[in-house]
Amino acid sequence: MEANHIHRALFGHDAPEEVQRQYASALETPPLADWPRVNLDRLIDRGADLEALELAVRRSRRRNALTQRFQVLCYLAEVRPDNFERFVNERCRRPAGWLILGLHLLRSLYKLGKGRWLMRVHDIR
Amino acid sequence: MTSAEIIIVGAGPSGTFAAYQLRGRGPLVLDVGYRAQESALDGNFYELRKTSSAGGPDLFAELIGPGFESLHNVFHASLGPRLKGPRMRFVTRGAAELSPVVAQNFDALMSFAAGGMANAWGAGLYRFTADDLAGYPISVLDLEPYYDAITAKVGISGADDDLSRFFGSARGLLPPVALGASGRAVLRRYTQRRKSLNRRGLYIGLPRLAVLTRDHDGRRAYRYDTLECFRPNDPAVYTPTYTLDELVRRGEILYERGVLVERYTESSAGISVLARSCATGERRTFHCRRLILAAGALNTAKIVLRSNDDHVTRLPLLDSNRSSIPLVDPWGIGGALDRSVYSAAMLRAVYAGEHGPGLTHMAVYASVGTLCSDYLFDFPFSARGNIAAAKYLTPALLLVQLSYPDAPTLTNHVRLLPDDRLELRYTSKPASPLESHVLGLFRELGYLGALGLCRRLTPGNSCRYAGALPMTTTPVGPYQTDRDGLLSRTHGVYVADAANFTVLPSNSHSFTMMANAMRIADHVGRTLG
């Protein structure tokens, strides 16, 4: 469930089964298994916006368990051929690049505000 | 007991080239010698990721690893991109068990692989100049024949350009490795402003790499697969294992693998080398007339201290401190990523102005050949925005890495503790004003960056250690060597790796380590007639 929610926050849809399996396996393997567990279930049950929360937590603490979970899933997703175009720009698209980054800047500001509000609501420090 | 006229400890760049110099005399090389697993990757890094399907290589196994090796830095930020890939982990395998350390402010990286750390190097080989050798009891002329011999053997690509005055002779170089669009853009802008930049101390040029641009010595030319972070032993990218294997195959040296040398004792009958089998733990003794220590700067120091049963003396520890400055080319945003370039080096730069601690060498990298997830969360956007940034910003990113020189100080030292661990203590140097100056110079070239994004790497991260048993004209005490590498108060123990470097200049020391090892081995051969 956790893999699906993070995958949805990153890519807008559920994680493929293989990624779900790999993510679960990663959590059972050192050093992830040794890392303090974060209980995302409560946040997921309440429908919290994990992407907003991750950004807000990352802005206050660069290394934190939520960002680490996101990063683990990014690694697993990035090596899949179906995600290649999400990560690698093969053709020159300068105006599109600037426009997309500009829109993401605005979106990130909104997510940051939302994330900070969620941190207060869910009592996350 | 096994006997040999000459024993060499270690088969990294120094040990291998000491063995190469002595190849007619059949030296015995003792080494732990971990080896790489074969990689199934064949083709270009990006093409494989784009088109991989059933029947192709298992990208999860090759790029992430069954033990999630590539995720190492999510939890411990100490391994460079060329050390953490699943097939590259053999380079640092076993180090924590075979040579445990207690480190303060020092990320000690050691290798017990055949070929040593050079399995994961960027393959940059730069000659020391007279400036770099200031303080050494040897000169460029002493090293020159060995630099030339290695150039001929290994095959070094590069060019005679603005950096030749800092890199020494360009004799025997192969044509340079081709640059991608971002590298060409830097050089084009530099050329347009050369006079002004040179006046202010900045010089930019092509790297000198042990990367073949045409077939050489039975190895094929580089194919621009951009797989340096994931596939070990690309025949085009030199590692000392190629020479080691060749020497063994030809029967020109004896090679004993799986052996960890612990100490030596010297008597009138010769030198006894005490070692331990890595597989069984069984103690073994070897006997020789001359012993050449080339186990890496830290391990060589450990063997010498242990042999003297010395848990008190603090030996000097030198490390090439580094800082890195990320830069963005606004014209590169949204550009196509260079997918067929050599990823472990792009350009070199040297700062020779008044703001640095002498000459400061810099490596300029593009962000290619790694997974974006390595740095994805360094971007300031939300996670989804960061993925877009990885796609559109990566082609515009440059990383300038500055290497600082180092000299012995009272605070930075190596000591052998009574429990047999190495104590490493290092005090970081204060931030240099050079970083802001270099940033200003690259701004003039059109690159954007901020001093706040400049990152000082933890000491030790460079893997360039040296200086524990320095060469001097007149050695004092038991922990200095003479100019030929002979350890003081011994009759036949020589130090042939960076442990005998007197100071560490900013310039990369790999080439000089190899050339100096050959020079010392040559001398050792002559002492035996």
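Refer to the structure printed above.
Residues numbered from 1 in each chain as written. Chains lettered and ligands numbered in written order. Predicted model: local features only at pLDDT ≥ 70, side-chain atom pairs only at ≥ 80, totals over all residues. Heavy atoms only, no water.

Caption draft 1: Representation of the nonpolar core in the model. Membership of the largest hydrophobic core comes to 112 residues, with the highest contact counts inside it found for I7(B), Y264(B), V273(B), L291(B), I292(B), Y342(B) and L469(B). Take this core: its biggest share by element is nine residues, from helix α15 (residues 510–527) of chain B. Contact partners of I292(B), with chain neighbours within four places excluded, come to I6(B), I7(B), I8(B), V9(B), A18(B), L22(B), Y494(B), A496(B), A521(B) and V524(B). Counting residues in each nonpolar core, the second largest holds 107 residues, with Y75(A), A185(B), L227(B) and V368(B) among its members. (Core = buried A, V, L, I, M, F, W, Y, C linked by side-chain atoms within 4.5 Å. Buried < 20%, exposed > 50% of the residue type's maximum accessible area, 1.4 Å probe, protein only. Helix = DSSP H or I, 4+ residues; strand = E, 2+ residues; numbered from the N terminus. Contact = heavy atoms within 4.5 Å.)

Caption draft 2: How the structure looks around the packing of aromatic side chains. Residue and element names in this part refer to chain B. The full count for this structure, using the stated rule, is 18 aromatic pairs over all chains. Arranged with centres 5.6 Å apart and planes meeting at 75 degrees, the rings of F60 and F68 form a pair that is edge-to-face. Neither F60 nor F68 differs from the other in exposure class; each is buried. Between Y136 and F501 the ring centres are 5.8 Å apart and the planes differ by 80 degrees, which places this aromatic pair in the edge-to-face class. Remark: F501 occurs in the loop between β19 (493–495) and α15 and Y136 occurs in the loop between β3 (101–104) and α7 (140–154); sequence separation between them is 365 residues. Y136 sits in the buried class, given a relative accessible area of 10%. (Phe/Tyr/Trp six-rings, centres within 6.5 Å; stacked < 30°, edge-to-face > 60°.)

Caption draft 3: View of a nonpolar patch on the surface. Judged by side-chain polarity, L99(A), L103(A), L105(A), L106(A) and L109(A) come together as a nonpolar surface patch covering roughly 530 Å² of accessible area. Structurally, the position occupied by L99(A) is in helix α7 (residues 94–121). (Patch = residues over 30% accessible without salt bridge, like charges linked within 9 Å, V, L, I, M, F, W, Y side chains within 5 Å. Areas by Shrake-Rupley, 256 points an atom, 1.4 Å probe, with all protein chains shown as cover. Salt bridge = Lys/Arg side-chain N within 4 Å of Asp/Glu carboxyl O.)

Caption draft 4: Geometry of the sheet that holds strand β15 (residues 413–416) of chain B. Residue and element names in this part refer to chain B. Taken in spatial order, the four strands make up an open sheet running β3-β16-β15-β9, and their pairing is mixed. Every other strand in the sheet has two partners, leaving β3 and β9 (315–316) as the edge strands with one partner each. One ladder, built from two bridges, connects β9 with β15; its direction is antiparallel. Each bridged residue has a counterpart across the sheet, and for L315 the counterpart in β15 is V414. (Pairing = 2+ DSSP bridges.)

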